[in-house]
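# Descriptive analysis of the structure
Spelled out, the chains give:
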Amino acid sequence: MNDLIIQNIKQLVLPKSTERPLKGAELDELTIVENGTVVVKDGKVVYSGPYTKDYEATEVIDASHHVVSPALVDAHTHLVHGGSREHEMSLKRQGLSYLEILERGGGILSTVEATRTATEDELFAKAEHDLLTMIHHGVLAVESKSGYGLDKDNELKQLHVSRRLQEKYGIDMRHTFLGPHAVPKEATSNEAFLQQMIDLLPDVKELADFADIFCETGVFTIEESRRYMQAAKDQGFRVKIHADEIDPLGGLGLAIDEAAISADHLVAASDEDKAKLADSDTVAVLLPGTTFYLGKNDYADARGMLENNGAIAIATDFNPGSCVTNNLQMVMAIAALKLKLSPNEVWNAVTVNAAKAIDVDAGTINEGDKANIVIWHAPNHEYIPYHYGINHVDTVIHEGRVIVKRDLTLK
Ligand code: NIG
Ligand code: FE
């Protein structure tokens, strides 16, 4: 006997199972089944496709007014952090840029202060609330970065919190060491601090899946980033990079040369580097919620990357300074509007390709996959990036078990 059948599904969204990330025109290919069925047994998908009544199960959910899809994947977050930075909004109104606030010791460095001061349990409680909010918004796979500790104890503290969250909730998580995220006040030079972070790599190896660096004007140069990435690879890490977010330093080209699993942001990436995506499986993780929050007019050139046969994914970049939302649905809307992605491209970018960007077994619900499924209160899959800023989740199913059922009736 099966455990669960989701029956009469108005629209069933089925990204393709693939070894490599979807690239270029493939992002626009998405199977949408009108009137579908999903069957689950022992936490796995037994069947997903056109309507069938060939199966029986102990529980049946009628989804005749709903869209059903794989649970979403958030491939870039700074989930674990102390404090918040609402005071920076007035600095921004006065005209200070993101990098100017950082130069004055604010920005990332003020979150470093708050993260260092917080106990591990305080950080855990805050990140837990933010993670549960993500899950309630349909996300069941999350990448989580350190990078607000900037010293051994505090980087380890952040990574421990991230690991504890994974243990407590059993969802798919990937943990990223982002020691070179900013240069702390006590550092004698960028160079010396970078070396300290390189020396930390063996200490975080047990806890972190990836090593990441912020390559940006005033933070780390291309040469420093290359040195760090190579050192991390030598220690067995797969690498990521915050690249070309504000200034076109060439971080995308470096990521491709170093076979990074992803290069993230890429708002200012050069045409030359974008062309290199064609021959690479490095996933361009685009974070349009950040561009929106920083008040910029120019967004990453997603269309150009797809025309160059690149692989793209979309993520929140959830953090307390440059993108203060953990609602990936909101970022799907910004991607549709500002990156000019089609609904199919948006869905692939937050499911199967996001999973490739963090090497996690997620983002598809084809036969044999984990039954990580969202039932959406929406008439069709285009509706979710269209009706923006609110939560369309009806039900979240984790490995076959209903863990969220939203009920809008009032007490
Ligand atoms: O991805 N750009 C660097 N790091 C984060 C922002 C972190 C912060 O402002 O606290 C980002 O945007
Ligand atoms: Fe980031």
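Residues numbered from 1 in each chain as written. Chains lettered and ligands numbered in written order. Predicted model: local features only at pLDDT ≥ 70, side-chain atom pairs only at ≥ 80, totals over all residues. Heavy atoms only, no water.

Looking at an unreviewed UniProt entry, one finds the chain named Imidazolonepropionase, with Staphylococcus rostri as its source organism. A UniProt comment under Sequence similarities (unreviewed entry) is attached to the chain, and it reads "Belongs to the metallo-dependent hydrolases superfamily. HutI family." Turning to the chain, the UniProt record has this under Function (unreviewed entry): "Catalyzes the hydrolytic cleavage of the carbon-nitrogen bond in imidazolone-5-propanoate to yield N-formimidoyl-L-glutamate. It is the third step in the universal histidine degradation pathway." (UniProt positions renumbered as here; feature names shortened; annotations may be inferred.)

Around ligand 1 lies a shell of 15 residues, among which Tyr98, Tyr148, His181, Glu245 and Ser322 are the nearest. One nitrogen or oxygen atom from the side chain of tyrosine 148 is found 2.6 Å from an oxygen atom belonging to ligand 1. In the environment of ligand 1, an oxygen atom lies 2.6 Å from a nitrogen or oxygen atom belonging to the side chain of serine 322. Surface burial for ligand 1 is 100%, taken as the share of its 320 Å² of free accessible area covered by protein chains. Class assignment of the residues belonging to the shell around ligand 1 gives a composition of four nonpolar, eight polar and three charged. (Near = heavy atom within 4 Å. Polar contact = N/O pair within 3.5 Å; in protein donor to acceptor, adjacent residues only side chain to side chain. Areas by Shrake-Rupley, 256 points an atom, 1.4 Å probe, with all protein chains shown as cover. Nonpolar A, V, L, I, M, F, W, Y, C, P; charged D, E, K, R; others polar.)

What follows deals with helix α6 (residues 190-204). Given a rise of 1.5 Å per residue, 15 residues ought to cover 21 Å, and the 20 Å separating the end C-alpha atoms of α6 matches this to within 8%. Taken together, the buried positions of α6 are occupied by Phe193, Leu194, Met197, Ile198, Leu200, Leu201 and Val204. In the core, the buried residues of α6 are packed alongside α5 (152-169), β8 (172-177), β9 (210-211) and α7 (222-234). (Helix = DSSP H or I, 4+ residues; strand = E, 2+ residues; numbered from the N terminus. Expected span 1.5 Å × (residues − 1). Buried < 20%, exposed > 50% of the residue type's maximum accessible area, 1.4 Å probe, protein only. Contact = heavy atoms within 4.5 Å.)

Before going further, it helps to examine the environment of leucine 156. Structurally, leucine 156 can be placed in helix α5. With relative accessibility at 14%, the residue leucine 156 sits in the buried group. Through-space distance from the C-alpha of leucine 156 to that of serine 146 is 8.2 Å; in sequence the pair is 10 residues apart. Residues within four places of leucine 156 in sequence aside, it is in contact with Asp203, Val204 and Leu207.

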